[in-house]
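Below are the chains, spelled out letter by letter.
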Amino acid sequence: MQPFQIHRPSSVAEALAALRGAGEGKLLAGGQSLIPVMKLDLAEPTDLVSLAGIDALRGIRSEGGRVVIGAAVSHAEVEASPDVAAAIPALARLAGAIGDAQVRNRGTLGGSVAHADPAADYPAALVGLGATVVTDRREIGADSFFTGLFETALVEDEIVTAVSFPVPERAAYAKFPNPASKFAIVGVMVAATGQGVRVAVTGAGPSVFRVAEMESALADGFRPEALDGIAVSSDELFGDGDASAEYRAHLVGVMARRAVAECA
Amino acid sequence: MSATGIGASVKRVEDHRFLIGRGRYTDDINRPGQLFAVIVRSPVAHARIAAIDAGEALAAPGVVAVYTGADMAADEVGGLPCSWLVYSKDGSEMKEPVHPPLVPDRARHVGDQVAVVIAETRAQAKAAAGLVDVDYQELPVLVTCGDAITDGAPLVWDDVPGNTCFDWEIGDKAATDAAFARADHVVRLDVVNNRLIPNAMEPRCAIGDYDPGSDLTTLYTTSQNPHVIRLLMGNFVLGIPESKLRVVAPDVGGGFGSKIFHYAEEAIVTWASRKLGRPVKWTAERSESFMSDAHGRDHVSHAELALDKEGTFLGLRVSTVANVGAYLSTFGAAVPTYLYGTLLSGCYRTPAIYCEVRAVFTNTVPVDAYRGAGRPEAAYLIERIVDEAARELGIDRVELRRRNFIPVDAFPYQTPVALEYDTGNYDATLDRALEASDWQGFAVRRQQAVGRGMLRGIGISTYVEACGLAPSNVAGQLGARAGLYESAIVRVHPTGSVTVFTGSHSHGQGHETTFAQIVSDRLGIDIEQVEVVHGDTEKIPFGMGTYGSRSLAVGGSAVVKALDKIVEKGRKIAAHTLEASAEDIEFADGEFRVAGTDRATAFADVAFSAYVPHDYPLEELEPGLEASAFYDPKNFTFPAGCHVCEVEIDPETGVVRVVAVTASDDVGIVINPMIVDGQIHGGLAQGIGQALYESCVYDESGQLLTGSYLNYCMPRAADFPFFNVGNHVTPCTHNPLGAKGVGEVGSIGVPPAVINAVLDALVPVGVTGIEMPATSEKVWRAICDAKGDAKGRAVAS
Ligand SMILES: Cc1cc2nc3c(=O)[nH]c(=O)nc-3n(C[C@H](O)[C@H](O)[C@H](O)COP(=O)(O)OP(=O)(O)OC[C@H]3O[C@@H](n4cnc5c(N)ncnc54)[C@H](O)[C@@H]3O)c2cc1C
C-alpha cells in the first residue's frame, strides 16, 4: 500500500473541496472494497477523503411511501432498522446477508453502490425496487445508474448522498452465495411495485440486469410457477472457477422462483 | 484419578495468555536493529531467469541489500534437503534435484523465491521488491499429475526423465495378481484426492539474528520442530554447527503439517543476517502463504478390489500418481509412500495388496504432509471402494465391512503392507457409531427429507491410521534419514514443583496442559506445580517435534520414562530418610511409604532433601532430582474408528448440507477428554472442508486460481452441525501411556463418510460418482447428467 493523506470533512461541500484539491483523491466510506484494492496496489490514491464525519450522509427516514437511506449508513444499520423492516423487509434481509458481521459493521450503502461490484447485493435491491440514487448534484434512476462492470453513471467527483427506495407491495431477495467469499454468485430481487413487477439479477453477469420475460410472466400471475420454462441465456453471464455461466443461468431461475415463493 | 491427572478435562493452561493477548508469536518478536526482508517471487510457473537487474531496487530508500541465488551460490549455500529416501521398483534412488533457497537460473512455480530485498522497514522492502527487474523467459508448464505423465511432456527438471521422482511399489504383486485371478468379483474405482492449501491461522515468519560478537546465530521461526530445522538448516544448507545455532519456535498459530518443513525463507533470513550483521525478519503475507506453504494431497488413483462370492476381500490393487510439486519438500517423499501405501489394508483382512506410486514433479508448490499426510488418501480410497463393492454386490455396506474386519482376537495383526497393528476393536467403534448416529432410523429421516424436496444420504467410513512416528530402526529401513524418538527432561525443583522440557512442540494441541497432567498423575502433585517448556533448542536437549499425531504417544512416553527415573531416585532417598530398604518403598498419591506401614514422606520433602542433602545418602546418590530420557517407540500406534455423516442435498441447486456427524474413535487412553474432543472436532472440520469445499486449482499456465479466500473456500462453523463424538478405548500395547494419537483422525476418517453420504443421496437419482470437493455445481451437473441431460444443458444452448 502506498502512503496517502487522510482528510476528515464534516460536510459534503468540504468533502468535494478536499477531493478537488487532491492529486488523486478517493472517497473512503467503510473501506471494505477500497482498502483491499489499495493493499494490492491496484488503487494508489494520494488522498483519502473520509465520509465518516458527515452527518448529512447518515440516517434512515421513511417519508411519503419511500425509505431514504443515507449513503454512509452501514449494512448492519439497514439490517437492524425498524423502518426498513416495516416497509421493505426484503431490503433488511438483503443487508443482513452481506458478507460477515465485520463487513456489515463497516461497509456502507453508498460505498457499495458506487463501487458497483458485479457480485454485490445492493445493486439488485436498487434495480429490483426501482430506487433513486441521490448525489450531491442530481438524482439518478437505478435503471440508468449501473452501467457496467464496476461502472456507474457517477462522474469523477460526484458523491452519493442517499438512496431513496419506493416501498413495494411485496418483494423478496433470494441469494445464492459464493461459499468462499459470501458475495452473490446469483442474487435475485423480485418485487411487485407501483411501477409493475421488477426482477433484478446481480452476481450472474458484469452488471445487474432485469429479466423482462420473467417480469411480464409475473405480471400475468405473481406465482413461482409463472416462471417455469423461462430460461435465462448464459451467453452474457460470467463463467469462472466459482460457477460456470450455465450454472449461473440455472440459478437465476431457481432463485427467482424462490424469491417469488417467499413473497407469498 | 487426581483432579488434574490422567483422564481429567482440565482447562487448557496455555489459553490464559492467548485470551489476554499475551501469546508470543514469531512476528511479535522484534530484535534491536532489525531489518525486513521481502521475497521477490516468480509471477510465472516456469521460466528461465535470463537476468536480474537489482539496480533500481538497491537505489530505493532504505534498501540495504538485494540478494539473488547467485549470491547464495557464491557462499556455497546448500539445497533444502528431503529427509526421506525412497527407492524405485528398479532399485534406483529417487530423483532429488537440488532445491536452492533462492533459485539462481530457473523458476519452477508461481511463488518460487527469486530474490530477496532487505530494507530498514517492511514498506521500503516491499516497494523496492517491485523494482527488481527479472527477465523471465517462459518455458512450457505442467500442473497436474496427468500433465506430468503424458508421453513427451515437457520436463520440470531436465535430468528427471518422465518427470518421475520415483516409481515405488509395496506389497506382493504376484500374490495379488493370483488373488484377482480367482476372484468372483472385481470392483474398479478411479479416485482423485484433491489438492489442499493448509491455511494455518498464523502466516509463516522467520527472523535470522546473528551476533557477530559471540558468533552465535539464532533463528526464530514458525516451526513445529525447531531441532529438526536446526539440524537441516545448520548442517545441510548453511553449514553452521549446532553449538553455534539456536532455533526458537515460540507460540505457533497452527501448523497442520505445513510448519514441519524447512523452508527457504528460514535459510534466507539466517544467511542474510550473518552477511549483514543485523537481524533480518520476514513475515508472509496471506497471499504468499497460498503460494509458498507446502500444499497437501494431490493424488490420482486407480483401485481394484477382488472379492469372492460372499464378499470376502481377496486382494487390493492400487496405482497412484502423486504430485510432489516442483521440488521435494522435507517429507515430500515419505507421504505418498510409507504414510500411504502401508495403510491400504485399512481395518480389513485383505490378504494380498499391491500398490505402486509414481511421484511426479510439476510446476506447482511442493506438496508435503498436511493433517493426516498419506493416511487420508489411503482411507479415502479404501472406504470409497468398499462402498462401491457393497453397491455392486448388493451387500449391506455395514455388513460388508464387518465381514472383512480384522477380528479382535487376531491382534497383533501383520498386514500385507509392512505394518503390524498392535490392537483394536473395529466392531466396537462401529457399533457405537451406528447407535450414536441412529443409523437404523435413517429411513424415516430420508422420508421426511423427501417431503421437503431434499435428497438425504447417510455415509460411513471405518478407518485405521498409523501414528507415533516411529520406531527409528523401522523408519531407518524405510528410508528415513533421521531417528524418530523423542526426548524429555523432568527437573524437580527443591520444593517439589516441576519443569518438564519436551522435544515435542505445541502449536494448538495443548501439550502444556496434557503433559502437565501426566506429571500430576504420576507424581501426585497439582498441575499448577508443573511448567512445560518447549520450542527452543537452547533449553531442550533434542527433539523431533510434533507431527503425525506423535506428541503424546512418543513425547509423552519420554516424559513418563523420565518420571520413572525421578520416582526411582526418590525411592532411594526416601528409603534413607525412612530407614527402610528401597525395595520396601512404595510411591503413590505423592507419598513415598514403607509398604504396609504408616511411615511415609511427601514427594516435596524428598525433593527438598535432594537439594539440601543434610540427611542424605551422599555416598550412594548424587544430590539433585532431575532426569532426562529419550523414548524410541517400539511400533507405530494405530488409532481407528468409525465416522458417520448425514447430508441433505438440494436437488435444484446441488448444495450439500452436512446435517449430522458422528465420530466414534479409538485413540487409546485419553489424558484430557476435552482436548481430545477438540482435536476431533478440528479434524472433522478440516476433513469436511476437503470433502465439500476446499480445492487448490491452478490454470493451465500454472497460475494459482484459488490464491485467496475469495475463492479458496475454507469451512466455517456455520457449515457444520454439532459433532457427536465419543470413543471406545483399546489401550496401545507398547507405550507406557497406552495412548495412540488423535490429531489427525478427523481429517482421515470423515472425508469418505461425507462422499459416501453424498453418493447415498444421489445414487437413487442415478448418479454414479462424484469427486471431492462435492461443490454445488458438481452435484447439480451430476444430477443433470444422470437425468440424461436436463435443464443444465438445455439452458446452456
Ligand atoms: C470479506 C468481504 C465480504 C463481502 N461480502 C459482500 C457481500 O456478500 N455482498 C456485498 O454486496 N458486498 C460484500 N462485500 C463488500 C462490502 O459490502 C463493501 O462494504 C461495499 O462493497 C463497499 O462499501 P464501503 O462502504 O466499504 O466502501 P469503500 O470500500 O470505502 O469504497 C468503495 C468505493 O466506493 C467509493 N465511495 C464510497 N462511498 C461513496 C459515496 N458516498 N459516493 C461516491 N463514491 C463513494 C470509494 O471511493 C471507493 O471507490 C464484502 C466485502 C468483504 C471485505
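Residues numbered from 1 in each chain as written. Chains lettered and ligands numbered in written order. Predicted model: local features only at pLDDT ≥ 70, side-chain atom pairs only at ≥ 80, totals over all residues. Heavy atoms only, no water.

**Thoughts on the nonpolar core**
All names here are of chain B. Grouped together as the largest cluster of nonpolar side chains are 161 residues, with contacts concentrated most on Trp 84, Leu 344, Ile 688 and Leu 692. In terms of residue count, helix α19 (residues 745–762) provides more of this core than any other element does, eleven residues in total. Those residues in contact with Leu 692 that lie beyond four places of it in its chain are Val 656, Val 658, Val 754, Val 758, Pro 773, Ala 774 and Thr 775. In terms of nonpolar packing, the next biggest core, distinct from the first, is built from 47 residues, Leu 523, Ile 527, Ala 574 and Ala 575 among them. (Core = buried A, V, L, I, M, F, W, Y, C linked by side-chain atoms within 4.5 Å. Buried < 20%, exposed > 50% of the residue type's maximum accessible area, 1.4 Å probe, protein only. Helix = DSSP H or I, 4+ residues; strand = E, 2+ residues; numbered from the N terminus. Contact = heavy atoms within 4.5 Å.)

**Some thoughts on the interface of chain A and chain B**
Counting residues at the interface gives 23 residues for chain A and 20 residues for chain B. Around 1600 Å² of area is buried between chain A and chain B when both sides are counted, 52% of it from carbon and sulfur atoms. Taken together, the links from chain A to chain B amount to four salt bridges. Notably, a salt bridge pairs Glu652(B) with Arg257(A), separated by 3.3 Å at the nearest N-O pair. Viewed at the interface, chain B and chain A are joined by twelve residue pairs in polar contact (both at pLDDT 80 or more). With nine residues, the single largest contributor to the side of chain A that touches chain B is helix α11 (residues 245–263) of chain A. Split by residue class, the side of chain A that touches chain B holds twelve nonpolar, five polar and six charged. (Buried area = accessible area lost by both parts, 1.4 Å probe. Salt bridge = Lys/Arg side-chain N within 4 Å of Asp/Glu carboxyl O. Polar contact = N/O pair within 3.5 Å; in protein donor to acceptor, adjacent residues only side chain to side chain. Nonpolar A, V, L, I, M, F, W, Y, C, P; charged D, E, K, R; others polar.)

**Some points on α19(B)**
Under the 1.5 Å per step criterion, the end-to-end length of α19(B) is 26 Å for 18 residues, consistent within 8% with the ideal 26 Å. Of all 18 residues in α19(B), 18 are buried; the element is thus mostly enclosed. (Expected span 1.5 Å × (residues − 1).)

**A short note on the domain arrangement of chain B**
All names here are of chain B. Parsing chain B into structural domains produces domain 1 (19–139 + 199–292), domain 2 (299–469 + 635–796) and domain 3 (485–631). Centre-to-centre, using C-alpha coordinates, domain 2 lies 41 Å away from domain 3. Each partner contributes residues to the interface: domain 2 has 20 residues there, and domain 3 has 19 residues. Of the roughly 1400 Å² buried where domain 2 meets domain 3, counting both sides, 62% is carbon and sulfur surface. Our enumeration of links across domain 2 and domain 3 arrives at zero salt bridges. There are seven residue pairs in polar contact (both at pLDDT 80 or more) connecting domain 2 and domain 3. Here the residues of the side of domain 2 that touches domain 3 are counted per class, giving nine nonpolar, eight polar and three charged. (Domains from an automatic or database assignment.)

**Thoughts on the sheet that holds strand β11 (residues 245–248) of chain B**
Residues and elements named next belong to chain B. In spatial order, the strands read β3-β5-β1-β12-β9-β10-β11; together these seven strands make up an open sheet with mixed pairing. Each of the sheet's edge strands pairs with one partner strand only, and the pair in question is β3 (63–68) and β11. Looking at each pair of strands side by side, their axes are set apart by 20° on average, direction ignored. The strands that helix α8 (residues 264–276) touches are β1 (35–41), β3, β5 (113–119), β9 (205–211), β10 (216–221) and β12 (280–283); relative to β9, the one it contacts most, it runs at about 25°. (Pairing = 2+ DSSP bridges. Axes fitted to C-alpha atoms, helices over the stretch in contact; angles between N-to-C directions.)

**Points about the environment of Pro416(B)**
Residue and element names in this part refer to chain B. Counting through the fold element by element, Pro 416 comes out in the loop between β16 (413–414) and β17 (420–421). Along the backbone, Pro 416 and Pro 633 are 217 residues apart, and their C-alpha atoms lie at a distance of 22 Å. Excluding residues that lie within four positions of it along the chain, Pro 416 makes contacts with Gly 171, Ser 345, Thr 350, Pro 351, Ala 352 and Ile 353.

**Some thoughts on the site of the ligand**
All names here are of chain A. Not every one of the 31 residues close to the ligand is listed here, only the nearest: Leu 27, Gly 31, Leu 34, Thr 108 and Asp 121. In this structure, an oxygen atom belonging to the ligand sits 3.3 Å away from a side-chain N or O atom of Lys 26. A distance of 3.1 Å separates an oxygen atom of the ligand from a polar atom in the side chain of Lys 175. Elements with a minimum of two residues in the shell around the ligand: β2 (25–28) and α7 (109–115). Tallying contributions element by element places α7 first for the shell around the ligand, with five residues. (Near = heavy atom within 4 Å.)

**Some words on the sheet that holds strand β19 (residues 486–492) of chain B**
Residue and element names in this part refer to chain B. Pairing is mixed across the open sheet formed by four strands, whose spatial order is β21-β20-β19-β25. Strands with a single pairing partner mark the edges of an open sheet, and in this sheet they are β21 (530–533) and β25 (626–631). Recorded for the sheet is a direction-independent mean angle of 15° between the axes of neighbouring strands. Taken together, the five bridges between β19 and strand β20 (residues 498–502) define a ladder with antiparallel strand orientation. Across the sheet, residue Arg 491 finds its bridge partner in β20, namely Thr 499. In this fold helix α15 (residues 511–523) packs onto β20 and β21, with an angle of close to 135° to the strand it touches most, β21. Taken strand by strand, helix α16 (residues 551–577) contacts β19, β20 and β25, and its axis lies near 145° from that of β25.

**Things to note about empty space enclosed by the protein**
Residue and element names in this part refer to chain B. Summed over all chains, the structure comprises eight cavities of 30 Å³ or more. By volume, the largest cavity is sized at about 190 Å³. Every residue lining the largest cavity is counted, 19 residues in all, and those nearest its centre are Leu 80, His 99, Tyr 263, Ser 292 and Pro 366. For the lining of the largest cavity, the residue count by class is ten nonpolar, seven polar and two charged. Around the second largest cavity sit Arg 297, His 299, Ala 322, Asn 323, Val 324, Gly 332, Val 335, Pro 336, Val 367, Asp 368 and Glu 377, which together line it. Counting residues per element, the lining of the second largest cavity draws most heavily on strand β14 (residues 313–325), at three residues. By residue class, the composition of the lining of the second largest cavity is five nonpolar, three polar and three charged. (1 Å grid on protein atoms, 1.4 Å probe; cavity = no way out; pocket = protein on both sides within 12 Å on 5 of 7 lines; lining within 4 Å. Points joined across faces, edges and corners; volume = space filled by probe spheres on them.)

**Points about the side chain of Thr415(B)**
You can see Thr415(B) is positioned in the loop between β16 and β17. Contacts of Thr415(B), omitting those with residues within four sequence positions, involve Ser345(B) and Tyr421(B).

**So, helix α11 (residues 397–404) of chain B**
Residues and elements named next belong to chain B. Taken together, the buried positions of α11 are Arg 397, Val 398, Leu 400, Arg 401 and Asn 404. The arc enclosing the buried residues of α11, seen along the axis, measures out at 165°, which places them on a common side. Taken together, the buried residues of α11 touch β13 (299–307), β14, α10 (375–393), α12 (426–436), β18 (455–464) and α19. (Arc of directions from axis to C-beta.)

**Topic: the domain arrangement of chain A**
All names here are of chain A. For chain A, the domain assignment lists domain 1 (5–50) and domain 2 (58–263). Averaged C-alpha coordinates put domain 1 and domain 2 at centres separated by 26 Å. Across the contact, ten residues belong to domain 1 and twelve residues belong to domain 2. Of the roughly 870 Å² buried at the junction of domain 1 and domain 2 (both faces included), carbon and sulfur atoms supply 70%.

**Describing the pattern of salt bridges**
Residues and elements named next belong to chain B. This structure, assessed with the given rule, holds 66 salt bridges over all chains. A salt bridge links Asp 177 to Lys 173, with the nearest nitrogen and oxygen atoms 3.5 Å apart. Of this pair, Asp 177 and Lys 173 are both found in helix α6 (residues 173–181), four residues apart, which corresponds to roughly one turn of the helix. Overall, Asp 177 belongs to the partly exposed group, its relative accessible area being 30%. You can call Lys 173 partly exposed: its relative accessible area is 42%. A salt bridge links Arg 317 to Asp 177; its shortest N-O distance comes to 2.7 Å. Residue Arg 317 is found in strand β14, and its partner Asp 177 is found in helix α6; the two are separated by 140 residues along the sequence. Assessed through its relative accessible area of 25%, Arg 317 is described here as partly exposed. Several salt bridges converge on common partners, so that one network encompasses Asp 438, Arg 445, Arg 452, Arg 456, Glu 646 and Glu 648.

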